[in-house]
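# Breakdown of the fold
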Amino acid sequence: MTLKQLLEQLCVDLSVPCPKFDAEKMAALPINSELTIDLRDLSPGFSLHAKVAPIAIKKREELYIYLMRANFLGQGTGGARIGMDADENFLTLSHGFAYEMDYQTFKESVEDFVNYVLYWREETAKFKET
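We now turn to the structure provided with this report. (Residues numbered from 1 in each chain as written. Predicted model: local features only at pLDDT ≥ 70, side-chain atom pairs only at ≥ 80, totals over all residues. Heavy atoms only, no water.)

The number of helices and strands found in the protein chain is three helices and five strands. Computed over C-alpha atoms, the radius of gyration of the protein chain comes to 15 Å, within 12% of the 14 Å expected from 2.2 N^0.38 for 130 residues, which places it in the range of a compact globule. Considered along the principal axes of its C-alpha atoms, the protein chain spans approximately 45 × 30 × 25 Å. Evaluated residue by residue, the protein chain yields a buried proportion of 36% over its 130 residues. Contacts in the protein chain between residues at least 24 apart in sequence constitute 53% of all its contacts with a sequence separation of at least 6. Carbon and sulfur atoms provide 53% of the accessible area of the protein chain, an area that totals close to 7,900 Å². Charge centroids of the protein chain, computed over 14 positive and 20 negative side chains, lie 4 Å from each other. (Helix = DSSP H or I, 4+ residues; strand = E, 2+ residues; numbered from the N terminus. Rg over C-alpha atoms; globule rule 2.2 N^0.38 Å. Buried < 20%, exposed > 50% of the residue type's maximum accessible area, 1.4 Å probe, protein only. Contact = heavy atoms within 4.5 Å. Areas by Shrake-Rupley, 256 points an atom, 1.4 Å probe, with all protein chains shown as cover. Lys, Arg positive; Asp, Glu negative; His and termini not counted. Charge placed at Lys NZ, Arg CZ, Asp CG, Glu CD.)

The following block contains the structure:
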């Protein structure tokens, strides 16, 4: 199945409008009012990307050390990577799948990714200014 077909089926299952792919083969899937997942068609495969949280100011070094440990071998990220946006204002989570997959695997992969984004939002909140 193509990414477009997988995404269409997921949107039917979630009862949400299906986003359209742009010229760069990207689509933004709104999960809720606070979380949108960007999907990119890699043909074969796809990638997932989302903003996690703004970067904490006071405890930045502690946060970076914590995140580096999580990124090590994908242990704390389910194989995804925590990084920063181009402006270095937001932490991001990205995961790439360089192969095609069936619908059930796709759905579980998106669900796992969303769960890691939500988990890291909670974890990074501990490093915000108090």
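Let us look at the packing of aromatic side chains. Tallied over the entire structure, the rule returns six aromatic pairs. Here the aromatic rings of Phe-46 and Phe-97 are separated by 4.8 Å at their centres, their planes lie at 25°, and the arrangement is stacked. Here Phe-46 is found in strand 3 (residues 46–54), whereas its partner Phe-97 is found in strand 5 (residues 90–97), with 51 residues between them in sequence. Each member of the pair Phe-46 and Phe-97 is classed as buried. Grouped by ring-pair contacts, the aromatic residues Phe-46, Phe-97, Tyr-99 and Phe-106 constitute a single cluster. (Phe/Tyr/Trp six-rings, centres within 6.5 Å; stacked < 30°, edge-to-face > 60°.)

Time to look at the sheet that holds strand 4 (residues 81–84). Reading across the sheet, the five strands line up as 1-2-3-5-4 and stay open at both edges, with antiparallel pairing between neighbours. Lying at the two open borders of the sheet, with one neighbouring strand each, are strand 1 (26–32) and strand 4. Between one strand axis and the next, the sheet turns by 30° as a mean value, whatever way the strands run. With four bridges joining them, strand 2 (residues 35–41) and strand 3 adopt antiparallel strand pairing. Looking across to strand 3, one finds that Leu-39 is bridged to Leu-48. Packing of helix 2 (residues 60–71) onto the sheet brings it into contact with strand 4 and strand 5, and relative to strand 4 it is tilted by some 145°. (Pairing = 2+ DSSP bridges. Axes fitted to C-alpha atoms, helices over the stretch in contact; angles between N-to-C directions.)

Let us now look at the pairing of strand 2. Relative to strand 2, strand 1 runs antiparallel, the two being bridged by six bridges. In the sheet register, Ala-27 faces strand 2, and the bridge partner there is Leu-39. The hairpin formed by strand 1 and strand 2 contains two residues between the paired strands.

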